[in-house]
Amino acid sequence: MLVNDELRKKYIPTIGIETHVQLKTKTKLFSAVGNDARKAKPNTLISHIDTGMPGALPVLNEKAIELATKVAFALNTNPQKFSKFERKHYFYPDLPKGYQITQLENPIIVGGYVEFRVEGQKKKVNINRVQLEEDAGKNIHPDGADYSLVDLNRAGTPLLEIVSEPQIKSAAEAKAYTHELFLLMKYTGVSDVDLYHGNMRFDVNVSLSQETGKLGKRAEVKNLNSFRSVENAVSYEIDRQIELYENGKEVIQETRGWDEAKQKTTVQRGKEEAHDYRYMPEPDIPPVELDEKLIETLKNDMPMLPNEIRESLSKLNISLAVIEDLLDQGPEDIKQILRISARGGDHARRTAFWLLQQKKETAGDQSRQESRISDDQYLKLSEMVESSKLSSTAAKQILNTLLTRGGDVEQIAAGDNLLQVSDENEIEQIVAEVLEKNPRAAQDIMKGEIRAIGFLVGQVMARSKGKANPQLTQEIIKKRLGL
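This section reports on the structure supplied with the text. Starting from 1, residues in each chain are numbered consecutively following that chain's sequence as written. Totals for whole chains, interfaces and linings use every residue, but because this is a predicted model, local features are given only for residues with pLDDT of at least 70 and side-chain atom pairs only at 80 or more, for both listing and counting. Only hydrogens and water are removed before side-chain values are computed, so all heavy atoms of the structure are retained for them.

Here a strand is any run of E in DSSP of at least two residues, a helix any run of H or I of at least four, and the numbering for each starts at the N terminus. Relative to the elements of secondary structure, Ser164 occurs in strand β10 (residues 158-164). For every residue, the accessible area obtained with a 1.4 Å probe (protein chains only) is divided by the maximum for its type, and the residue is called buried under 20%, exposed over 50%, and partly exposed between those limits. A residue is classified by how much of its surface remains accessible, and Ser164, at 6% relative accessible area, is buried. With 149 residues separating them in the primary sequence, Ser164 and Ile15 have C-alpha atoms 9.0 Å apart. What makes two residues a contact is simply this: any of their non-hydrogen atoms within 4.5 Å. Excluding its chain neighbours within four sequence positions, the residues that come into contact with Ser164 are Gly16, Ile17, Val125, Asn126, Ile127, Asn128 and Tyr177. Identification of polar contacts relies on pairs of N or O atoms within 3.5 Å, with a donor-acceptor requirement for protein atoms, meaning one able to donate a hydrogen and the other able to accept it, and with residues adjacent in sequence counted only if both atoms are side-chain atoms. Among the polar contacts made by the side chain of Ser164, one reaches the main-chain amide nitrogen of Ile17 at a distance of 2.9 Å.

Counting along an α-helix, one turn takes 3.6 residues, and residues three or four places apart therefore face a common direction. Taken residue by residue, helix α8 (residues 331-341) has Asp333, Ile334, Gln336, Ile337 and Ile340 as its buried positions. Along the axis of α8, the buried positions cluster into a sector of 160 degrees, meaning they face one direction only. Here the buried face of α8 lies against α3 (171-188), α6 (306-314), α7 (320-329), α9 (345-361) and α11 (375-386). This arc describes the spread of directions from the helix axis toward the C-beta atoms.

What follows covers the packing of α3 against α6. Throughout, an axis means a line fitted to C-alpha atoms (over the contacting stretch in the case of helices), and angles, computed between N-to-C directions, take values from 0 to 180 degrees. In contact at an axis separation of 9 Å, α3 and α6 are set at 90 degrees when each is read in the N-to-C sense. In terms of orientation, α3 and α6 fall into the roughly perpendicular class. Facing α3, whose interface residues are Glu180, Leu183, Leu184 and Tyr187, α6 presents Pro306, Asn307, Ile309 and Arg310. Taken together, the residues that form the contact of α3 with α6 break down as five nonpolar, one polar and two charged. An angle below 35 degrees is read as roughly parallel, one above 145 as roughly antiparallel, one from 65 to 115 as roughly perpendicular, and any other as oblique. Gly falls in the polar group here, along with every residue not listed as nonpolar (Ala, Val, Leu, Ile, Met, Phe, Trp, Tyr, Cys, Pro) or charged (Asp, Glu, Lys, Arg).

Together, Ile140, Tyr147 and Leu149 line one region of the surface with nonpolar side chains, adding up to about 270 Å² of accessible area. Inspection of the secondary structure assignment puts Tyr147 in the loop between β8 (138-140) and β9 (149-151). What makes a patch is a set of residues exposed beyond 30% relative accessible area and free of salt bridges, joined within 9 Å when like-charged and within 5 Å when nonpolar (Val, Leu, Ile, Met, Phe, Trp, Tyr). Note on areas: Shrake-Rupley, 1.4 Å probe, and residue coverage restricted to the protein chains presented here. Only one rule defines a salt bridge in this text: a Lys or Arg side-chain nitrogen within 4 Å of an Asp or Glu carboxyl oxygen.

Side-chain atoms within 4.5 Å link the members of a nonpolar core, which is a set of buried Ala, Val, Leu, Ile, Met, Phe, Trp, Tyr and Cys residues. Ranked by internal contacts, the top residues of the largest apolar core, which has 101 residues, are Tyr177 and Met185. Take this core: its biggest share by element is ten residues, from α3. Aside from chain neighbours lying at most four places away, what touches Met185 is Val21, Val71, Ile162, Val190, Ser191, Val193 and Met200.

This paragraph deals with the pattern of salt bridges. Once their charged atoms are close, side chains differing in charge can pair, the charge on each being opposite to the other. Counted under the stated rule, the structure contains 36 salt bridges. Between Arg38 and Asp36 there is a salt bridge; the shortest N-O distance is 2.9 Å. Looking at Asp36, the relative accessible area reads 43%, which means it is partly exposed. Among the ionic pairs, Asp301 bridges to Lys70, the shortest N-O distance being 3.1 Å. With a gap of 231 residues between them, Asp301 in the loop between α5 (292-300) and α6 and Lys70 in helix α2 (residues 62-74) connect regions that are remote in the sequence. What makes Asp301 partly exposed here is its relative accessible area of 48%. Of the residues examined, Lys70 reaches a relative accessible area of 14% and is grouped as buried.

Here you go:
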């Protein structure tokens, strides 16, 4: 059956999203083992604590509690002063202990919300809870092999599971929500948010109903690691469930996986309920009680978050589309623009454009991408463009030079012969020659064909090898023609 827009209008989708965020700590949640497994060989970052050996006692990582507290502020709420851990039992190859230490009854964050824009409209999704827990390992399935491998480097790394309320109503909203959550974690500095390496993963729960306020049977799609995958998986799952209902069948509550190559969800297993996990209190870790002084200290240490950045940059007349692109690039670029903005909005706008241009042109060149041009050099460059000493083309050339070999803007401009000619007498002479050789264009301008000025300016620029100040050139042409 082909699901069309007419059929989709019959159903109301309801989507809730569980987001797993790996926290940026030096060591794991309960053991003194390195936490960044991205470049480590398989099964080299594990200890007796991570594998649950007899007599192994976990010790809670204080830094993880601090980062979780900052996440509470980013989600527009406060952390719970009292939280505690439970054991969640299940058996899977990547869970060597046979249980996961997590939070059930008293998570570290309750409530909060994420505010974002989707299709030009503001949307707010409330947060149900955020629990601190340890991650499992990773199963690896080699292509063409009849066996699987297990890498336990990730086992025991600190995770926050951010559970939204089921208030998302479309695939586009799901994508926008996860992207905003990504930005919040990135700018709070609590995670590397490296989607490729699984630092942030999304589980989406999708159900359909034909009655407002009523939930249908839900299917959960696990371990999505990109915003596009979230959008496509939700879109596919909505259509799959519509097709089932239209054919008189029922949706089964189950866990499904996303096949990126085939762009479809596939069955993994039946969906477990809470009682299936046989939760029990964690006997080795005492409850966490947060001190008011620590909460206040961490609150005062919070950086600027995306919505505050949007507000600040919009006051500089930087377009919303440019702001969103800058937010994706990262905090360092944003900080640089805000520092430069103290010297004037025009300088900040030019710098924003140049930073985006740099990102685009250095894609794939890691060394150039990581090069940073100082505030002073950006300001010098902007001031020279503003005073017409440099054209925008020359400025671009200087930026490339700064990225590849460094240097000083003024010295590069002089050394590479890029300074614009702003001497009236020199330009007057070139304009006189151009008018003499192009009398027809001059006559057209006199008759009202103002667009012909562009042609004459181009001729002057060509004769001056691109150095003539175009604004001054146009003024001199008009003056000589009596306009």
